[in-house]
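# Chain and residue survey
What follows is the residue order along each chain.
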Amino acid sequence: MTATQDRPAAEIGRDRRRKEDQRLITGRTRWTDNITLPGMLHLAMVRSPFAHASITSVDVEAAKASPNVVAVLSGKDFGDELGVCINAWPITPDQKTPTHSPMPADRVAFAGEIVAVVVARSAAEARDAAELVDVEYDELPAVIGIKNALEDTVLAHPDLGTNKSALWVFDSAEAGTGSDVEAAIEKARTDGIVIEREYRQQRLIPAFMEPRSVVVDPTGEQITMWSATQIPHILRFALAATTGVPESKIRVIAPDVGGGFGGKLQTTPEEWIAWAVARRLSKPVKYTETRSESLMAAHHGRDQVQTLTLAADKEGNVTGFKVHLDADLGAYIAVVGGGVPVLGAFMFNAIYKFPAYRFECQTVLTNTTFTDAYRGAGRPEATYAIERIMDELAAEVGVDPLEIRERNWIKHEEFPFTTVAGLEYDTGNYEAATAKATASFGYDALRAEQKERRERGDRIQLGIGVSTFTEMCGLAPSRVLGSLDYGAGGWEHASVRMLATGKVEIVTGASAHGQGHETAFSQIVADRLGVPFEDVEVLHGDTQIAHKGLDTYGSRSLVVGGEALVRAVDKVIDKAKHLAAHLLEASEDDLEYDAGRFTVAGTDQGVAIQELATAAFAAHNYPEDMEPSIDAEATYDPVNFNYPHGTHLCAMEVDTETGAVKMRKYTCCDDIGTIINPLIVAGQVHGGLVQGIAQALWEEAVHDEAGTLVSGSFVDYLLPTSADTISFDVVHTDDPSVCTTNTLGTKGVGEAGTIASTPAVVNAVVDAIRHLGIDDIQMPCTPERVWRAIQGSKAGGATDTPPDAMPHFVEGEANQQSHEGALDQDGAGQ
């Protein structure tokens, strides 16, 4: 930019189409599976059909004789070469943690666990030969489900002696953040209200668009791994820590990654096996999973039973809240698997001023696919529990659900506010978000319509669901994570390189997998430096280029990675100012910086920052006390979490004769602080909403009694399409409560929709039929489950309705009808 050019338009708050989309939608990108190297071999995995069994023999001879097969290897062939898959978050010192070998030699602990690998010259030949590997098993009793695990009669890992992995407890009285919850409950039983509920968080599958894939090249000075991962830096560290290869000899690249939702926040057996095979054969290898393998063996999410006791006075002011979680970790404790429910511990109190609180989490091991982070990771589970039981409290007191929330929430003038869970919320305005949401939703008119339908006794009843939420996101600070025994920090790193041609190269440790980092980060830098958006290039996802970083999860990219970037940019400006003062023969105190240009106050004398980049590169004339460079880097470790919040409102119609449900309207008002790119935010919110709604209405991963995943394809595991959703009404507060712990005032948004939408939808379904005596329906709220609840209420609470009395559902149709029922024909799909 020269002195004669106009000031660039502000980038913060500007709708920009994502610069990365052009290559993504035209097929000009590099997914891991697109990578081809000279002499590359292909892998196929042989997986156990049994949930729990001893491996008695592995016969590989027929597979070895297949065309173009190079090797067939079992667990016994590798020994210690494989290393182990890590658990980075042991939540208690006495946690029972089974050893997680990428390929066990003697016993499998879930259906889908890898017992052998076939190496061939093509993927098809490897898969064909894998069918010929003959594995003999002695099937063992399997423990499936939380209730069975707690009984300890059948053990997922007999050597541990129990299925109970860890018990993690937080008590506000012991922590000094509140009073004794048992005393509050006892008092409420005498002269107040006590509500006790048990809610089920069903098991979910992240179901990312791009299956997991890994390529390993061991032929250079370094061993290079390309992986469809969210965590290239953590993956490199884990490989070095478990295989003995120095970290400096490992390069991990996450190229374009097609979605993750937490499902690629993992160090996987497949990565470790590909690594070991490549090193053993000294050849590049590739493995890409099938969709069936992805649904069966990539980690699952949620899977909790929540036992809740809420105490309140007769006016509905909450006096205590007690939570006991039983959480199914599956067969192994994954990277942060045990810690996911612990994250929720700090959010069960949500936006409310509870005086007493106790949280207990019992994690258990079962013979099922291991669980770990899934979009929201602990926060959606907590929000569901508290928002469902707050509706129950409103019903008990006889007031509107919004009124019961207002009686208990933190008022905007009370911020900053230290919660009963010990967190300090820096800002918030729940009143403003709720007021805007209710106005946009037409809350009063819909309540009036609901009343009219009930008075008429309509077959189609209307329900209105409320969900108010906040979340702790921007996963950090490092000291807090350390106090929770998390194995890593929460900082993020960024660097800014001012190139000699005037262009800007930024490097971030955050690793994108569909969020729009390249666009949003370019906007931040262009706005702050005053350079054209098109002149900014973003580099990420390669540990050789972005040598420091802690990757992407927990809505941390903008609020942590973006802040690191802002601080690096400010260092660039400071260094450039020193050089500008030297070249302009002026005092730094007399320089003003605006629109990418330093000027001497009161004159038209100045120099653009791109010109300073060229001058630093030439190094013909620069101060003696500085290096010939204005590049800079920064590492940012937040002092607090980040707390977006919002109010979500949902209107659902329920057919009381068939149980079919239909979404009528959905409005959300989120306070996410400063918005960098409204278009990207809209996409994040819409996607999050659909995933949360899907948990409420459609999705459920189901294992049978033998431990076989019976929802192992998209025929049985139902994902919504655009035809299954309506047009959402997405608004934001007019005067957002900007975050006080980062420069731009931004808050996380990537998980907000998922966190808030599930209870909003279920509350609406229950609200539609509460007058029939129903206060809960287990998710997903399929037509069959809704119908059974209605019939059960008519029969005095029984839910075992005779088959001949039910509407006709063919196999799988109960869930499918919930797809069709949720479609609002008057709404455009998102």
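Preceding this paragraph is the structure being described.
In this report, the structure presented in the accompanying data block is examined. Quick caveat: nothing in here was measured; it's all calculated off a predicted structure. (Residues numbered from 1 in each chain as written. Predicted model: local features only at pLDDT ≥ 70, side-chain atom pairs only at ≥ 80, totals over all residues. Heavy atoms only, no water.)

This part covers the pattern of salt bridges. Evaluation of the coordinates by the stated rule reveals 56 salt bridges. Its salt-bridge partner being Asp-655, residue Arg-459 comes within 2.8 Å of it at the nearest N-O pair. Separated by 196 residues along the polypeptide, Arg-459 in the loop between α15 (443-456) and β18 (460-470) and Asp-655 in strand β26 (residues 645-655) bring together distant segments of the chain. The closest approach of N and O atoms between Lys-503 and Asp-535, which form a salt bridge, is 2.8 Å. Here the residue Lys-503 occupies a position in the loop between β19 (492-498) and β20 (504-508), and Asp-535 occupies one in the loop between α17 (517-529) and β21 (536-539), the gap between them amounting to 32 residues. Relative accessible area serves as the criterion here: at 16%, Asp-535 is assigned to the buried category. Salt bridges linked by common partners bring Arg-197, Arg-388, Glu-392, Arg-770, Asp-775 and Asp-776 together as one network. (Salt bridge = Lys/Arg side-chain N within 4 Å of Asp/Glu carboxyl O. Helix = DSSP H or I, 4+ residues; strand = E, 2+ residues; numbered from the N terminus. Buried < 20%, exposed > 50% of the residue type's maximum accessible area, 1.4 Å probe, protein only.)

Attention shifts here to helix α19 (residues 609-618). For α19, the full list of buried residues reads Ile-609, Gln-610, Leu-612, Ala-613 and Ala-616. All buried residues of α19 fall inside an arc of 155° around its axis, so they share one side. Elements that come into contact with the buried residues of α19 comprise β19, α17, α18 (557-584), β22 (591-594), β23 (597-600) and β24 (606-608). Remark: Ala-619 follows α19 within two positions and exhibits a positive phi of approximately 60°. (Arc of directions from axis to C-beta. Contact = heavy atoms within 4.5 Å.)

To continue, consider the nonpolar core. As a rule of thumb, soluble globular proteins bury nonpolar side chains together. Phe-321, Phe-348, Phe-359 and Tyr-666 are the most contacted members of the largest nonpolar core, which totals 133 residues. Leaving out residues up to four positions away in the same chain, Phe-348 has contacts with Gln-306, Leu-308, Phe-321, Val-323, Leu-325, Phe-354, Tyr-357, Phe-359, Glu-381, Ala-382, Ala-385 and Ile-386. (Core = buried A, V, L, I, M, F, W, Y, C linked by side-chain atoms within 4.5 Å.)

As a further point, take the sheet that holds strand β4 (residues 107-108). Sheets are built from strands paired through backbone hydrogen bonds, the pairs being either parallel or antiparallel. Spatial ordering of the open sheet is given by β4-β2-β6, a layout of three strands whose pairing is antiparallel. With one partner strand each, in any of the chains shown, β4 and β6 (134-139) form the two edges of the open sheet. Sheet analysis places strand β2 (residues 53-59) next to β4, joined by two bridges and oriented antiparallel. Note that in β4 the partner of Ala-53 across the bridge is Val-108. (Pairing = 2+ DSSP bridges.)

In this section: the environment of Thr-97. If you trace the backbone, Thr-97 turns up in the loop between α3 (75-78) and β4. Along the chain, Thr-97 and Ser-282 lie 185 residues apart, while their C-alpha atoms are 33 Å from each other. Excluding its chain neighbours within four sequence positions, the residues that come into contact with Thr-97 are Leu-160 and Ile-333.

Inspection of the secondary structure assignment puts Asp-542 in the loop between β21 and α18. For Asp-542, a relative accessible area of 7% puts it in the buried group. At 2.9 Å, the side chain of Asp-542 and the backbone nitrogen of Gln-544 are in polar contact. Setting aside its immediate chain neighbours within four residues, Asp-542 contacts Arg-251, Val-252 and Ile-253. (Polar contact = N/O pair within 3.5 Å; in protein donor to acceptor, adjacent residues only side chain to side chain.)

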